[in-house]
Amino acid sequence: AQKITQTQPGMFVQEKEAVTLDCTYDTSDPSYGLFWYKQPSSGEMIFLIYQGSYDQQNATEGRYSLNFQKARKSANLVISASQLGDSAMYFCAVFPYGQNFVFGPGTRLSVLP
Amino acid sequence: SQTIHQWPATLVQPVGSPLSLECTVEGTSNPNLYWYRQAAGRGLQLLFYSVGIGQISSEVPQNLSASRPQDRQFILSSKKLLLSDSGFYLCAWSAGTGYNEQFFGPGTRLTVL
């Protein structure tokens, strides 16, 4: 079975600084996708970024980038130039081919003014 | 563009009462549909998914059921609610093939008293 570990239940970062949210996964499938979602206090899940297991380059989407280390089964999210609106829960998820999403327990990020 | 709707937004129900939560998707056809539950401060647990009308797969045994009477409609039901059914219920859709991100609805917060 697939498993996602997010070792940081809570993180603090100063506004305008960069922050890295950790994610490690455990899957035996050679082909999978990795996703990060943001959940603000309103509850809606917002898709941020995707990385395919065979992608050679790390994914980037605006201020979000994914530090993908396949051998270590690690897919950390990097948020550059943090903003107050980035305060939210962040979930990492793995999607093995032909199966379903498995979400991690999440990390609560608080951006300090 | 695609949109996903859920209602009601909040619901308070007594133990033993029935439940019906509805999810509809607009702007796409033949989506994969998902129901998740999120306990307070926790990650998402996949309850049901559907790849087509009338096709429902259950991920965990529980007091709930799901139906897909139309291509873009997904319903979560219960005949008799339990206290443990309280939580935040999220519906999501994805395109049918590949490592496609899931897009989530606004969620329904259910409290069973």
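Before going into details, it helps to say that this report is about the structure given with it. Computed from a predicted structure; not experimentally measured.

**Section: the overall build of chain B**
Point 1. Helix and strand counts for chain B come out as 0 helices and 11 strands.
Point 2. Ordered by position in the sequence, the α and β elements of chain B form the string β-β-β-β-β-β-β-β-β-β-β.
Point 3. Compactness check: chain B gives a C-alpha radius of gyration of 13 Å against a globular reference of 13 Å for 113 residues, within 12% of the reference.
Point 4. Dimensions of chain B along its principal axes, counting C-alpha atoms only, are 40 × 25 × 20 Å.

**Thoughts on the pattern of salt bridges**
Point 1. For the structure shown, the criterion picks out 3 salt bridges over all chains.
Point 2. Note that Asp86(A) and Arg63(A) form a salt bridge whose closest N and O atoms lie 2.8 Å from each other. Note that Asp86(A) is positioned in the loop between strand E9 (74–79) and strand E10 (88–96) and Arg63(A) in the loop between strand E7 (60–61) and strand E8 (64–69), a separation of 23 residues in sequence.
Point 3. Residue classification places Arg63(A) among the partly exposed positions, given a relative accessible area of 23%.
Point 4. A salt bridge links Arg37(B) to Asp85(B); the nearest nitrogen and oxygen atoms lie 3.7 Å apart. On the criterion of sequence distance, the pair formed by Arg37(B) in strand E4 (residues 32–38) and Asp85(B) in the loop between strand E8 (73–78) and strand E9 (87–94) is long-range, its members being 48 residues apart. Pair check on accessibility: Arg37(B) and Asp85(B) agree, each one buried.

**As for the nonpolar core**
Point 1. Membership of the largest hydrophobic core comes to 25 residues, with the highest contact counts inside it found for Leu21(A), Trp36(A), Ile49(A), Leu77(A), Tyr90(A) and Leu109(A).
Point 2. Looking at this core, the elements that each hand over two or more residues are strand E2 (10–14), strand E3 (19–21), strand E5 (32–39), strand E6 (46–52), E8, E9, E10 and strand E12 (107–112) of chain A.
Point 3. With 4 residues, the single largest contributor to this core is E10(A).
Point 4. Aside from chain neighbours lying at most four places away, what touches Ile49(A) is Leu34(A), Phe35(A), Trp36(A), Ala59(A), Thr60(A), Glu61(A), Tyr64(A), Ser65(A), Leu66(A) and Leu77(A).
Point 5. In this structure, Leu21(B), Trp35(B), Ala66(B) and Tyr89(B) belong to the second largest nonpolar core, which totals 20 residues.

**Section: the state of the cysteines**
Point 1. For the structure on display, the rule yields 2 disulfides over all chains.
Point 2. With a sulfur-sulfur separation of 2.0 Å, Cys23(A) is cross-linked through a disulfide to Cys92(A). Disulfide Cys23(A)-Cys92(A): the torsion about the S-S bond is -65°, which places it as left-handed. In this pair, Cys23(A) is assigned in the loop between E3 and strand E4 (24–26) and Cys92(A) in strand E10, connecting sequence segments 69 residues apart. With respect to burial, Cys23(A) and Cys92(A) carry one shared label: buried.
Point 3. Put simply, Cys23(B) and Cys91(B) are joined by a disulfide, and their sulfur atoms are 2.0 Å apart. Torsion about the S-S bond of the Cys23(B) and Cys91(B) cystine: about -75°, corresponding to left-handed handedness. With Cys23(B) in strand E3 (residues 19–26) and Cys91(B) in strand E9, this pair connects stretches of sequence that are 68 residues apart. The burial state of Cys23(B) is the same as that of Cys91(B); both residues are buried.

How each quantity is defined
- Residues numbered from 1 in each chain as written.
- Chains lettered and ligands numbered in written order.
- Predicted model: local features only at pLDDT ≥ 70, side-chain atom pairs only at ≥ 80, totals over all residues.
- Heavy atoms only, no water.
- Helix = DSSP H or I, 4+ residues; strand = E, 2+ residues; numbered from the N terminus.
- Rg over C-alpha atoms; globule rule 2.2 N^0.38 Å.
- Salt bridge = Lys/Arg side-chain N within 4 Å of Asp/Glu carboxyl O.
- Buried < 20%, exposed > 50% of the residue type's maximum accessible area, 1.4 Å probe, protein only.
- Core = buried A, V, L, I, M, F, W, Y, C linked by side-chain atoms within 4.5 Å.
- Contact = heavy atoms within 4.5 Å.
- Disulfide = S-S within 2.5 Å.

Remember that the coordinates give geometry; whether it matters functionally is a separate question.
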